[in-house]
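Survey of secondary and tertiary structure
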Amino acid sequence: MKILDQRLLPDSIKFITVRNAAGTAKATKDMALRGAPLIGCAAAFGFALEMRRLKPGSAAELIKTAKRTADLLKAARPTAVALFYAADRMLNMAVTFAAKHPGKFSANTLKQLLAQADKEARLVTKEDEDACEAMGEYGARLLPKNCVIMTHCNAGALATMGIGTAVGVITAAHKKCKIKHAYSCETRPYLQGARLTIWELMREGVPSELLTDNMAAHIIKTCGVNAIVVGADRIASNGDTANKIGTYGLAVIAKHHKVPFYVAAPTPTIDMAARDGGDIVIEERSTEEVTFVKGNRIAPKGVRVRHPAFDVTPAALITALITEKGVISPVTRASIKQNLAK
Ligand code: MRU
């Protein structure tokens with residue numbers, strides 16, 4: 001599998017080759033690929049690649065390898081539920097296959113398994129691509145004419161297998177001539193907004209500007225921002241939403257200024273097992289990502305650092321969730337349940 005190394009963007013476009021689940025997990029952990037839906041899709045293919053290493057054997061061996069593979073992939077990052085969704089879906093496919101082929105299986109049976117694994121991974125990907133299109137349509141309809149919009153982190157094509165979630169909404173609205181201006185927050189410390197989102201917006205011809213995260217309140221107050229749209233890594237069953245660190249602060253500012261705050265995310269982002277945001281594990285990443293920028297130290301040696309990579313925005317601060325099944329507003333446990341049942 002070829003992976004666009006997002007760590008090098010926007011300066012250079014280079015692909016790395018991944019041949020198994022361990023390679024996929026490493027690329028995910030090291031941020032060569034990132035963004036909730038994308039790490040899920042990559043995990044599905046990483047799983048399918050790992051199956052190719054199987055030798056003809058028994059159903060029991062298949063189940064053992066499949067479980068080990070899913071666990072390896074899921075250990076890469078803890079917050080984005082898309083990773084768990086995709087790994088578990090591939091695991092279910094393998095377990096179901098094993099149940100249909102009990103005992104020893106031949107090279108031919110193995111061939112069938114590989115074909116099914118590839119098919120399932122492609123399906124996970126296609127569903128994400130289609131979901132992005134649908135969210136773009138629903139989201140674009142929600143936005144006013146001459147919309148001045150702000151986004152945070154990168155929820156664009158780079159983070160998905162389609163046009164993106166939040167950025168997909170902006171580009172779909174831009175195609176309908178509804179976007180007057182888009183602002184991308186730089187997204188300290190990993191700079192997804194500065195390196196990726198503004199790059200995508202520029203490539204799509206969206207009139208846009210980059211700002212540092214601490215400029216957001218001032219820009220919202222003084223520049224006519226009338227919508228904010230972000231993506232999500234995990235949405236609890238009550239609508240509390242984990243997304244890139246800084247999202248919560250933006251939602252509080254939006255509430256103060258009565259600016260609608262939208263979260264665009266495909267339904268596999270909704271974790272019905274999480275009762276509320278308190279059940280979501282927040283990834284803590286390395287201190288070096290905070291103390292170094294492009295290899296340059298920006299803080300004293302030996303400094304103590306915190307680096308939560310995500311935060312949780314309470315459902316009450318979210319105007320609407322934009323999913324591929326439609327718009328959920330108000331964001332409540334009941335309205336989410338209703339949307340999922342569609
Ligand atoms: O740490 P990252 O870059 O993987 O975090 C990405 C985000 O927080 C995105 O906003 C989220 O995954 C949605 S991507 C469509």
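Throughout what follows, the structure given in this document is the object of discussion.

Some points on the sheet that holds strand β10 (residues 270–271)
Picture the strands of a sheet paired through backbone hydrogen bonds; they go either parallel or antiparallel. A sheet is described by the order of its strands in space; here 4 strands give the open sequence β10-β7-β8-β13, paired in mixed fashion. Of all strands in the sheet, those bounded by a partner on one side alone are β10 and β13 (310–313). Strand direction decides the pairing type here: strand β7 (residues 234–236) and β10, joined by 2 bridges, are parallel. Bridging across to β10, Ala236 finds its partner in Asp271. Sheet strands in contact with helix α9 (residues 247–256) are β8 (241–244) and β13, and its direction is about 35° off that of β13.

Quick notes on the site of the ligand
The environment of the ligand is made up of 18 residues, and the closest members are Arg34, Arg77, Gln192, Asn243 and Lys244. Here Asp233 contributes a side-chain N or O atom positioned 2.9 Å from an oxygen atom of the ligand. One of the side-chain nitrogen or oxygen atoms of Lys244 is found 2.7 Å away from an oxygen atom of the ligand. A total of 410 Å² of accessible area belongs to the ligand in isolation, and the protein chains cover 99% of it. The site holding the ligand turns out to be the largest cavity. Among the elements of the structure, α2 (36–51) and β8 are those that each provide at least two residues to the shell around the ligand. Taken together, the residues that form the shell around the ligand break down as 8 nonpolar, 6 polar and 4 charged. Each of domain 1 (2–131) and domain 2 (136–340) contributes no fewer than three residues to the shell around the ligand.

Considering the nonpolar core
Of all hydrophobic cores here, the largest spans 41 residues; its most connected members are Leu33, Phe47, Met51, Leu62, Met90, Met93 and Leu113. For this core, the secondary structure elements donating two or more residues are α1 (21–29), α2, α3 (59–74), α4 (81–100) and α5 (107–142). Tallying contributions element by element places α2 first for this core, with 11 residues. Leu113 has contacts with Met51, Leu54, Leu62, Met93 and Phe97, leaving out every residue within four places of it along the chain.

Observations regarding the sheet that holds strand β3 (residues 147–151)
With respect to topology, 7 strands assemble into an open sheet ordered β5-β4-β3-β6-β9-β14-β15, the strand pairing being mixed. Strands at the two margins of the open sheet, each flanked by one partner only, are β5 (208–211) and β15 (326–328). For this sheet, the mean inter-axis angle between neighbouring strands, taken without regard to orientation, is 25°. As judged from the 3 bridges shared by strand β14 (residues 320–323) and β15, these two strands associate in the antiparallel manner. Within β15, the residue paired with Thr323 across the bridge is Gly326. The strands touched by α9 are β3, β4 (179–185), β6 (227–230) and β9 (261–264); relative to β9, the strand with the most contacts, the crossing angle is about 145°.

Some words on the environment of Val169
Along the chain, Val169 turns up in helix α6 (residues 166–175). As for Val169 and Ala140, which are separated by 29 residues in sequence, their C-alpha atoms are 5.6 Å apart. Contacts of Val169, omitting those with residues within four sequence positions, involve Met135, Gly136, Gly139, Ala140, Leu143, Val229, Ala264 and Ile322.

Remarks on unusual backbone geometry
The phi angle of most residues is negative, glycine excepted, and most peptide bonds adopt the trans form. Omega for the bond connecting Leu9 with Pro10 falls within 30 degrees of zero, at 0°, which places this linkage in the cis form. Residue placement: Pro10 occurs in the loop between β1 (2–4) and β2 (15–17). In this structure, the amide linkage connecting Ser329 to the following residue, Pro330, adopts the cis form with an omega of 0°. When you line up the elements, Pro330 lands in the loop between β15 and α11 (333–340). The backbone of Asn146 sits at a positive phi, close to 55°, despite the residue not being glycine. By relative accessible area, Asn146 is classed as exposed at 52%. For Cys153, which is not glycine, the phi torsion reads 60° and is therefore positive. Within the element layout of this structure, Cys153 appears in the loop between β3 and α6.

Considering the packing of α1 against α2
Remark: α1 packs on α2, axes separated minimally by 8 Å, with the N-to-C direction vectors making an angle of 160°. Between α1 and α2, the angle falls in the class roughly antiparallel. Contacts between α1 and α2 pair Ala21, Ala22, Thr24 and Thr28 from the former with Ile39, Ala42, Ala43, Gly46 and Glu50 from the latter. Looking at the contact of α1 with α2, its residues break down into 5 nonpolar, 3 polar and 1 charged.

Quick notes on the environment of Arg195
Relative to the elements of secondary structure, Arg195 occurs in helix α7 (residues 192–203). Residues Arg195 and Arg7, spaced 188 residues apart in sequence, show a C-alpha to C-alpha distance of 9.0 Å. Excluding residues within four positions of it along the chain, Arg195 makes contact with Gln6, Arg7, Leu9, Pro10 and Tyr190. There is a polar contact of 3.0 Å between the side chain of Arg195 and the backbone oxygen of Leu9. At a separation of 3.4 Å, a polar atom in the side chain of Arg195 contacts the main-chain carbonyl oxygen of Tyr190.

Cut-offs applied
Residues numbered from 1 in each chain as written. Predicted model: local features only at pLDDT ≥ 70, side-chain atom pairs only at ≥ 80, totals over all residues. Heavy atoms only, no water. Pairing = 2+ DSSP bridges. Helix = DSSP H or I, 4+ residues; strand = E, 2+ residues; numbered from the N terminus. Contact = heavy atoms within 4.5 Å. Axes fitted to C-alpha atoms, helices over the stretch in contact; angles between N-to-C directions. Near = heavy atom within 4 Å. Polar contact = N/O pair within 3.5 Å; in protein donor to acceptor, adjacent residues only side chain to side chain. Areas by Shrake-Rupley, 256 points an atom, 1.4 Å probe, with all protein chains shown as cover. 1 Å grid on protein atoms, 1.4 Å probe; cavity = no way out; pocket = protein on both sides within 12 Å on 5 of 7 lines; lining within 4 Å. Sits in = over half its atoms within 2 Å of the grid points. Nonpolar A, V, L, I, M, F, W, Y, C, P; charged D, E, K, R; others polar. Domains from an automatic or database assignment. Core = buried A, V, L, I, M, F, W, Y, C linked by side-chain atoms within 4.5 Å. Buried < 20%, exposed > 50% of the residue type's maximum accessible area, 1.4 Å probe, protein only. Parallel < 35°, antiparallel > 145°, perpendicular 65-115°, else oblique.

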